[in-house]
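# Topology and contacts: notes
Below, each chain spelled out in residue letters.
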Amino acid sequence: MRQEQASAGWDCRIMDVPYDHGPAVAIAQVRAAERSAWKAQCGTARCAEMPFRAVTVVGRYALVDWADENTGGQSLLREDAGRWHRIAHGGGAMDAAYAQTFGVPRAIAVKLFVHEQ
């Protein structure tokens, strides 16, 4: 199907199909929170539309992989009182040890990053 889409002139970046893991409601909430954070962060249309390749939610923590044709990275979020917010964000890849420096319990950090391998 991607070949058909490409020949039809569709935008077929690798991020066109998300690879999400976790409860669907939490994934939707994390995507919305991360989209709001991107809009507040840069204020430009290009930045506000950064594609999210994957969202992994484990308990009160989430990992978002984002990338476009020029750059990529990850955001780490935590849920507090029903609201998701960023606790870490940057270009390149994070790992479980890095997540632990932001208070993510080791067992959860390992589960967040298992899909990265």
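Use the structure listed above.
Sequence order sets the numbering: in each chain, residues are counted from 1 along the sequence as written. The predicted origin of the model limits local features to residues at a pLDDT of at least 70 and limits the giving and counting of side-chain atom pairs to 80 or more, whereas totals for whole chains, interfaces and linings rest on all residues. Neither water nor hydrogens contribute to the side-chain values; these are computed over all heavy atoms in the structure.

## Side note on the environment of Ala33
Applicable threshold: Working definition: helices are DSSP H or I runs of at least four residues, strands are E runs of at least two. Numbering for both runs from the N terminus. Summary of the burial criterion: residues with accessible area below 20% of their type's maximum are buried, those above 50% are exposed, and those between are partly exposed, where the area comes from a 1.4 Å probe applied to protein chains only. In what follows, residue pairs with any heavy atoms lying within 4.5 Å of each other are defined as contacts.
Relative to the elements of secondary structure, Ala33 occurs in helix H2 (residues 24–42). Taking relative accessible area as the criterion, Ala33 reaches 17% and is therefore assigned buried. Note: C-alpha distance between Ala33 and His85 (52 residues apart in sequence) is 6.5 Å. Those residues in contact with Ala33, other than ones at most four positions away along the chain, are Leu77 and Trp84.

## Quick word on helix H5 (residues 106–113)
Applied cut-off: Working note: the arc is built from the helix axis to C-beta atom directions.
Every buried residue of H5 is listed here: Ala109, Leu112 and Phe113. Down the axis of H5, the buried set is contained in an arc of 85°. They therefore lie on one face. Among the exposed residues of H5, those pointing more than 90 degrees away from its buried face are Ala107 and Lys111. Elements in contact with the buried residues of H5: strand E1 (52–58), strand E2 (61–67), strand E3 (72–80) and helix H4 (96–100).

## Digging into the packing of aromatic side chains
Our working definition: Each Phe, Tyr or Trp ring, with Trp reduced to its six-membered ring, pairs with another whose centre is within 6.5 Å; inter-plane angles below 30 degrees give stacked pairs, above 60 give edge-to-face pairs, and intermediate values give tilted ones. Only when the NZ atom of a Lys or the CZ atom of an Arg is both within 6 Å of the ring centre and within 35 degrees of the ring normal do we say a charge sits over the ring.
Per the stated rule, a full pass over the model turns up two aromatic pairs. Relative to Trp66, the ring of Trp38 has its centre 4.9 Å away and its plane inclined at 80°; by these criteria the two rings are edge-to-face. On the criterion of sequence distance, the pair formed by Trp38 in helix H2 and Trp66 in strand E2 is long-range, its members being 28 residues apart. Here Trp38 and Trp66 have matching classes, each one buried. Aromatic side chains Tyr98 and Phe102 sit 5.1 Å apart centroid to centroid with 70° between the ring planes, which places their arrangement in the edge-to-face category. Classification of Tyr98 by relative accessible area gives partly exposed; the value is 39%. When its relative accessible area of 29% is taken as the criterion, Phe102 is described as partly exposed. Taking the ring centre of Trp38 as reference, the NZ or CZ of Arg86 above it sits at 5.6 Å.

## A short note on the sheet that holds strand E4 (residues 83–91)
The line we're drawing: Should DSSP find at least two bridges between two strands, the strands are regarded as paired. Structural elements are reduced to axes, namely lines fitted to C-alpha atoms, with helices fitted over the stretch in contact, and the angle between N-to-C directions of any two is expressed from 0 to 180 degrees.
The strand order E1-E2-E3-E4 describes an open sheet built from four strands, whose pairing is antiparallel. Of all strands in the sheet, those with a lone pairing partner are E1 and E4, marking the two edges. Strand-to-strand, the axes of this sheet are offset by a mean angle of 20°, without reference to chain direction.

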